[in-house]
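# Coordinates in review
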Amino acid sequence: MLSKKTKYGLKAITYLAAQKGNQPVQISEIAKHENISQKFLESILLSLRKTGFLGSKKGKGGGYYLIKDPQEILLTDVMRILEGPIAMVPCVSLNFYEKCEDCPDESSCSVHKLMLQVRDSALDVYRNNTLADLI
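A few points on the structure. (Residues numbered from 1 in each chain as written. Predicted model: local features only at pLDDT ≥ 70, side-chain atom pairs only at ≥ 80, totals over all residues. Heavy atoms only, no water.)

## A few points about the overall build of the protein
- Per the secondary structure count, the protein includes six helices and two strands.
- What you see in the protein, going N to C, is helices and strands ordered as α-α-α-β-β-α-α-α.
- When its C-alpha atoms are laid out on the principal axes, the protein stretches across 60 × 25 × 25 Å.
- Taking all 135 residues of the protein together, 36% fall into the buried category. (Helix = DSSP H or I, 4+ residues; strand = E, 2+ residues; numbered from the N terminus. Buried < 20%, exposed > 50% of the residue type's maximum accessible area, 1.4 Å probe, protein only.)

Right, dumping it as structure tokens:
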């Protein structure tokens, strides 16, 4: 299941992407419009700023704004920052691989085979959609 952090992060950056002129938007405005706790939203936007998706400006007229064009922001990148691994089990993760302790042989594991298909399907959707597609 998608975490609230990821859901709110996607809603917030979609809101920012829909703004005209790429002007900074205050956290309070985003929180009110998207019905998100302002305190929780602050930590989400900070993560997105630290990873190069957002910029911020302090003071009067300050707030958060997109650094990249929405067409350049792949949902795979946003998902991995906010959600972590896209794969449902660690043995099929591309970026966070770990061998399952209870599985002696991945090549004969039925769960492994199924989860590879699930991962690939999810990746296909995320890779073929950008932030621009959510606007």
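On we go.
## Looking at a nonpolar patch on the surface
- There is a patch of nonpolar side chains on the surface, built from Met88, Leu114 and Val118 and spanning about 280 Å² of accessible area.
- Classification of Val118 by relative accessible area gives partly exposed; the value is 30%. (Patch = residues over 30% accessible without salt bridge, like charges linked within 9 Å, V, L, I, M, F, W, Y side chains within 5 Å. Areas by Shrake-Rupley, 256 points an atom, 1.4 Å probe, with all protein chains shown as cover. Salt bridge = Lys/Arg side-chain N within 4 Å of Asp/Glu carboxyl O.)

## Overview of the nonpolar core
- With 28 residues, the main nonpolar core has Ile30, Leu41, Leu45, Leu48 and Leu54 as its most contacted residues.
- For this core, the secondary-structure elements that each account for two or more residues are α1 (4–17), α2 (27–34), α3 (38–50), β2 (63–66) and α4 (75–82).
- Of the residues forming this core, the biggest block, seven residues, is contributed by α1.
- Those residues in contact with Leu45, other than ones at most four positions away along the chain, are Ala12, Ile27, Ile30, Leu54 and Tyr64. (Core = buried A, V, L, I, M, F, W, Y, C linked by side-chain atoms within 4.5 Å. Contact = heavy atoms within 4.5 Å.)

## Re unusual backbone geometry
- With a phi close to 55 degrees, Asn35 is a non-glycine residue in the positive phi region.
- Assignment of secondary structure puts Asn35 in the loop between α2 and α3.

## Quick look at the side chain of Arg119
- Position of Arg119 among the secondary structure elements: in helix α5 (residues 110–127).
- A relative accessible area of 12% places Arg119 in the buried class.
- Polar contacts involving the side chain of Arg119 include one to the main-chain carbonyl oxygen of Val92, which spans 2.5 Å.
- Apart from the residues within four sequence positions on either side, Arg119 is in contact with Ala87, Val92 and Leu94. (Polar contact = N/O pair within 3.5 Å; in protein donor to acceptor, adjacent residues only side chain to side chain.)

## Some thoughts on the packing of aromatic side chains
- Going through the model one piece at a time under the given rule, you end up with one aromatic pair.
- Between Tyr8 and Phe40 the ring centres are 5.8 Å apart and the planes differ by 75 degrees, which places this aromatic pair in the edge-to-face class. With Tyr8 in helix α1 and Phe40 in helix α3, this pair connects stretches of sequence that are 32 residues apart.
- Sitting above the plane of the Phe53 ring, Lys68 keeps its charged end 5.0 Å from the centroid. (Phe/Tyr/Trp six-rings, centres within 6.5 Å; stacked < 30°, edge-to-face > 60°. Lys NZ or Arg CZ within 6 Å of the ring centre and 35° of its normal.)

## Structural notes on the environment of Gly52
- Locating Gly52 in the fold gives a position in the loop between α3 and β1 (54–57).
- Sequence separation of Gly52 and Leu116 is 64 residues, and the distance between their C-alpha atoms is 30 Å.
- In contact with Gly52, other than residues within four places in its own chain, are Ile67 and Lys68.

## Concerning α4
- Those residues of α4 lying buried are Leu75, Thr76, Val78, Met79 and Leu82. All buried residues of α4 project into a common sector of 165 degrees when viewed along the axis, lining one side.
- Where α4 is buried, its residues meet α1, α3, α5 and α6 (131–134).
- With its phi angle positive at about 95 degrees, Gly84 sits one or two positions after the end of α4. (Arc of directions from axis to C-beta.)

Everything listed here is a matter of coordinates, which is why it stays silent on function.
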